[in-house]
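Close look at the chain arrangement
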Amino acid sequence: MARYGRVDLLCLDELGYLELDRRGAELLFEVFTEREERSSIAIASHSAFSEWARTFTDPRLCAAIVDRLSMIDASIIETGTESFRLRTTKRRRTNRAS
């Protein structure tokens, strides 16, 4: 826990991609709680909050995690539905074909 509390910005990529067991979700919640109001967290996810119930299989724990992340000066930035990586790959293939 101390290791994740020391960094100024904790970046999590692809949150929502893999299902977490209950213990994993509880530990992640503890990290978020420890960092609350003291240090920043940046999360990238292709899933909307409403889809996170598949990742965090306990509905109450899922709601608590979303609540923890979306309160206190949170900024939620929606960038669209297409992945940056997918868009870049398509562009490269189009450029190579021409």
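Residues numbered from 1 in each chain as written. Predicted model: local features only at pLDDT ≥ 70, side-chain atom pairs only at ≥ 80, totals over all residues. Heavy atoms only, no water.

Its boundaries defined by the atoms lining it, the largest pocket holds a volume of some 1,300 Å³. Lining the largest pocket are 39 residues, with Ile 43, Ala 44, Ser 75, Ile 76 and Ile 77 sitting closest to its centre. Elements that contribute at least two residues to the lining of the largest pocket include exactly helix H2 (22-35), strand E2 (40-43), helix H3 (59-70) and helix H4 (84-97). For the lining of the largest pocket, the element with the most residues is E2, which contributes 4 residues. When its residues are assigned to classes, the lining of the largest pocket shows 15 nonpolar, 11 polar and 13 charged. (1 Å grid on protein atoms, 1.4 Å probe; cavity = no way out; pocket = protein on both sides within 12 Å on 5 of 7 lines; lining within 4 Å. Points joined across faces, edges and corners; volume = space filled by probe spheres on them. Helix = DSSP H or I, 4+ residues; strand = E, 2+ residues; numbered from the N terminus. Nonpolar A, V, L, I, M, F, W, Y, C, P; charged D, E, K, R; others polar.)

Our focus in this paragraph is the pattern of salt bridges. Across all of its chains, the model carries 7 salt bridges by this definition. The partner of Glu 51 in a salt bridge is Arg 54, with the nearest N and O atoms 3.8 Å apart. (Salt bridge = Lys/Arg side-chain N within 4 Å of Asp/Glu carboxyl O.)

So, on to the packing of H2 against H3. Relative to each other, H2 and H3 sit at 20 degrees, their axes nearing to 10 Å. Between H2 and H3, the crossing angle belongs to the class labelled roughly parallel. Crossing geometry of H2 relative to H3 is assigned as left-handed. Mapping the contact onto sequence places Arg 22, Ala 25, Glu 26, Phe 29, Phe 32 and Thr 33 in H2 and Leu 61, Ala 64, Ile 65, Arg 68 and Leu 69 in H3. Here the residues of the contact of H2 with H3 sort into 7 nonpolar, 1 polar and 3 charged. (Axes fitted to C-alpha atoms, helices over the stretch in contact; angles between N-to-C directions. Parallel < 35°, antiparallel > 145°, perpendicular 65-115°, else oblique. Left-handed = near helix turned anticlockwise from the far one by under 90°. Contact = heavy atoms within 4.5 Å.)

Along the chain, Thr 55 falls in the loop between E2 and H3. Within polar-contact distance, the side chain of Thr 55 engages the backbone oxygen of Gly 16 at 3.1 Å. Setting aside its immediate chain neighbours within four residues, Thr 55 contacts Gly 16, Tyr 17, Leu 18, Glu 19 and Leu 20. (Polar contact = N/O pair within 3.5 Å; in protein donor to acceptor, adjacent residues only side chain to side chain.)

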